[in-house]
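One letter stands for each residue in the lines below.
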Amino acid sequence: MAEHTEESGAASESLLEKITEKFHGHDSSSSDSDSDKPASPSSVKAKIFRLFGREKPVHTIFGGGKPADVFLWRNKKISAGVLGGATATWVLFELLEYHLLTLVCHILILSLAILFLWANASTFINKSPPRIPEVHIPEDPYLEVVNALRIEINRGFAVLREIASGRDLKKFLIVIAGLWVLSILGSCCNFLTLFYITFLLMHTVPVIYEKYEDRIDPFAEKAMIEIKKRYAVFDAKVLSKIPKGPLKYKKMA
């Protein structure tokens, strides 16, 4: 009888040990699995600073289509051709002081003279006349461009209306400073040169930023922190002292 009780006690102790080991093993495995889990994407994403707070790649920001491929030099031949054409246009009209109407007329005169002489001389030299293709301007692409331009113009008018309403002083100061800088640039160079400089920057700055964004973003983060500090000081010393009163609307009787 005593032997039976001893065996049952040993069996119960071994059962308790197994249950304890099972719980300890579950805790250790769960802690290991928690430690093996990578950091959540949101926490990693919060640590990464991107210029202008962007969350999408540069190619997607530029539209993700053929214009983005041109600006980011996905096809080097097309990008170089577009930039070379813009440079040639700027050289013709700015450095050589050529006029647009004169250039178009000279090109048409030369083209029509060559085609006319070729078509009449083909009967004497026993060669086929030139095949002049029929040129038709498609309607859909131009309508899409005009529609996109209309949307951007309306968006600009909405932004100007919001700024003029006096709701955001910070945005108002930024726009005034930008227009002032643009007026200074306009007094230094004409519209064609300013357009060419903008076009050149759009073909160089985005591709450089895309290539070295991991190096540029930390410097941009430090610059933004410093700008925010300066703005906070300016806000505390100047902007906060500007009296602001609620707008009162008179009800029409």
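My aim in this report is to walk through the structure given alongside it, one point at a time. Along every chain, residues carry numbers that run from 1 in the direction the sequence is written. At least 70 in pLDDT is required for a residue's local features to be given in this predicted model, at least 80 for side-chain atom pairs to be given and counted, and no such filter applies to totals for whole chains, interfaces and linings, which use all residues. Side-chain measures here rest on the full set of heavy atoms in the structure, leaving out hydrogens and waters.

Things to note about the side chain of D217
Considering the arrangement of structural elements, one finds D217 in helix 10 (residues 213–237). Any residue under 20% of the maximum accessible area for its type is buried, any over 50% is exposed, and the rest in between are partly exposed; the area is computed with a 1.4 Å probe on protein chains only. Residue D217 is classed as buried on the basis of its relative accessible area of 3%. At a separation of 2.8 Å, a polar atom in the side chain of D217 contacts the side chain of Y209. The helix and strand labels rest on DSSP assignments: H or I over at least four residues marks a helix, E over at least two residues marks a strand, and numbering proceeds from the N terminus. Distance and chemistry together define a polar contact, namely a pair of N or O atoms within 3.5 Å, with one atom able to donate a hydrogen and the other to accept it when in protein, and with adjacent residues in sequence counting only for side-chain atoms on both sides.

Observations regarding the environment of W73
Tracing the chain through its elements places W73 in the loop between helix 4 (66–71) and helix 5 (76–95). As for W73 and V207, which are separated by 134 residues in sequence, their C-alpha atoms are 7.1 Å apart. Those residues in contact with W73 that lie beyond four places of it in its chain are S79, A80, L83, H203 and V207. Among the polar contacts listed, one links the side chain of W73 to the backbone oxygen of H203, at a separation of 2.7 Å. Contact definition: two residues touch when any of their heavy atoms are within 4.5 Å.

Some points on the packing of helix 5 against helix 9 (residues 191–211)
Fitted lines through C-alpha atoms give the axes, limited to the stretch in contact for helices. The angle between two N-to-C directions lies from 0 to 180 degrees. Two elements in contact, helix 5 and helix 9, have axes separated by 11 Å at closest approach and are oriented at 165°. Classified by the angle between their axes, helix 5 and helix 9 sit roughly antiparallel to one another. For the crossing formed where helix 5 meets helix 9, the hand is left-handed. On helix 9, the residues that touch S79, V82, L83, A86, T87, W90, F93 and E94 of helix 5 are L192, T193, Y196, F199, L200 and H203. The residue classification treats Ala, Val, Leu, Ile, Met, Phe, Trp, Tyr, Cys and Pro as nonpolar and Asp, Glu, Lys and Arg as charged. All others, Gly included, are polar. Residues of the contact of helix 5 with helix 9, tallied by class, amount to nine nonpolar, four polar and one charged. Roughly parallel here means an angle under 35 degrees, roughly antiparallel means over 145, roughly perpendicular means 65 to 115, and every remaining angle is called oblique. Should the near helix be turned anticlockwise from the far one by less than a right angle, the crossing is left-handed, and should it be turned clockwise, the crossing is right-handed.

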